[in-house]
Amino acid sequence: MRVVVTGAAGFIGGHVAEAMADAGHEVLAVDALHRSAAPDVARDTWAHLADRAGVALVETDLATDDLTKLAEADAVVHLAGRPGVRTSWGAGAAVAERDNVTATRRLLDACRAVAPGRRPRVVIASSSSVYGSADARPHREDDPPRPASPYATTKVAVERLAARAAEEGLRTVILRYFSVYGPRQRPDMAFHRFIEAARDGRPLPVFGDGGQSRAFTHVADVTTATLAAATTDLPPGTVFNVGHPESVTVRDAIALLAGLLDVRPLVHEHAPAAGDAARTWADTTKAGRLLGWSARIGLAEGLPDQVRWHRDRTEPVA
Ligand SMILES: NC(=O)c1ccc[n+]([C@@H]2O[C@H](COP(=O)([O-])OP(=O)(O)OC[C@H]3O[C@@H](n4cnc5c(N)ncnc54)[C@H](O)[C@@H]3O)[C@@H](O)[C@H]2O)c1
């Protein structure tokens, strides 16, 4: 299968592009590295992909460049964008609008312009943030959206664009990812910040009191779900939660991490971040039924992978 992976220099995109190549697909990795919030990490991932057999690279800005060639594929896995709730306030809102909404609209238009019958399946990254906070039960896909930040609002808009394209026959699939972690995690994300702070002997920077809880999901599980969505026949417009079924408090996650790092968990509490959900919690019954997928890696098993990655990238080569 010919697969285009957008955002391939990014955290999730890098893993998905590699896994697609491992599965024998012909991969076109697409990214605009200058649009990344972490260009150094993106450059490393890009260089890593350049060495992979079965992966071709192209630098393309989805918000401005011609996308005709990208639509000539069997599947387009669209992971490019500007993630992050905290950074989407103020000037960040226009960046999120451009790289999430404008980029997706242009990509969907390019896919729609292909002759019917040759149009790619289009898998699109959305986010648990479209739900707001979970109260008494896990989020289900048909719960009404309650976005609480500019970032979440862009993801609701992206989902609407995909739903409209699906009504016109494009085979879109929406994946709502929940707090993804693992090797190459973005530098603005919690575990990345915690592990680097602990390594430098600084207190761990926590937003709020650590009582907020998250469906922390290992990137390997996210990658498996994404490959399944790109290779399974589904009704156009299908939406899936992609999250670990357990919702763990940040406080408990820090205790686990402190044990792995063998440090005393000193914490520096910052004001709670505006728009951050008190709790994210994933019901993945639908992904189990239609994709045969469920998250397999719990935090105790998965966190050591990320700790190892941080150690490997900082330890001097002997
Ligand atoms: N990481 C998570 O926990 C998480 C959770 C929910 C949703 N998501 C979504 O998953 C997707 C991937 O997230 P990530 O954590 O890998 O982010 P990331 O920032 O690591 O990767 C995104 C990539 O997209 C590229 N990009 C941005 N704008 C572009 C443009 N206009 N044209 C081409 N490339 C562009 C960036 O250069 C970057 O390499 C995003 O859509 C994000 O909103 C991520």
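Above this text you will find the structure in question.
Residues numbered from 1 in each chain as written. Predicted model: local features only at pLDDT ≥ 70, side-chain atom pairs only at ≥ 80, totals over all residues. Heavy atoms only, no water.

A few words on the packing of helix H5 (residues 190-199) against helix H7 (residues 250-261). At a closest axis distance of 11 Å, the pairing of H5 and H7 adopts a crossing angle of 40°. Classified by the interaxial angle, the pair formed by H5 and H7 is oblique. Regarding H5 and H7, the two cross each other, and that crossing is right-handed. Residues Phe191, Phe194, Ile195 and Ala198 of H5 form the contact with H7, whose participating residues are Val250, Ala253, Ile254, Leu257 and Leu261. By residue class, the composition of the contact of H5 with H7 is nine nonpolar, no polar and no charged. (Axes fitted to C-alpha atoms, helices over the stretch in contact; angles between N-to-C directions. Helix = DSSP H or I, 4+ residues; strand = E, 2+ residues; numbered from the N terminus. Parallel < 35°, antiparallel > 145°, perpendicular 65-115°, else oblique. Left-handed = near helix turned anticlockwise from the far one by under 90°. Contact = heavy atoms within 4.5 Å. Nonpolar A, V, L, I, M, F, W, Y, C, P; charged D, E, K, R; others polar.)

Tallying each qualifying case throughout the model produces four aromatic pairs. Considering the side-chain rings of Tyr181 and Phe191, the 5.7 Å spacing of their centres and the 85° angle between planes classify their relative orientation as edge-to-face. Of the two residues, Tyr181 is situated in strand E7 (residues 180-181) and Phe191 in helix H5; the sequence distance between them amounts to 10 residues. With respect to burial, Tyr181 and Phe191 carry one shared label: buried. A cation over an aromatic ring shows up here: Arg279 above the ring of Trp281, its NZ or CZ 4.0 Å from the ring centre. (Phe/Tyr/Trp six-rings, centres within 6.5 Å; stacked < 30°, edge-to-face > 60°. Buried < 20%, exposed > 50% of the residue type's maximum accessible area, 1.4 Å probe, protein only. Lys NZ or Arg CZ within 6 Å of the ring centre and 35° of its normal.)

On to the site of the ligand. Taken together, 29 residues lie around the ligand, and Asp31, Tyr151, Lys155, Val180 and Arg186 are the ones closest in. Contact between the ligand and Phe11: an oxygen atom at 2.8 Å from a main-chain N or O atom of the residue. Within the backbone of Ala32, an N or O atom sits 3.1 Å from an oxygen atom of the ligand. Of all the elements in the fold, those that place two or more residues in the shell around the ligand are helix H1 (11-22), helix H3 (92-112), strand E5 (121-127) and helix H4 (150-167). In terms of residue count, the dominant contributor to the shell around the ligand is E5 (three residues). Residues that form the shell around the ligand fall into these classes: 14 nonpolar, eight polar and seven charged. (Near = heavy atom within 4 Å. Polar contact = N/O pair within 3.5 Å; in protein donor to acceptor, adjacent residues only side chain to side chain.)

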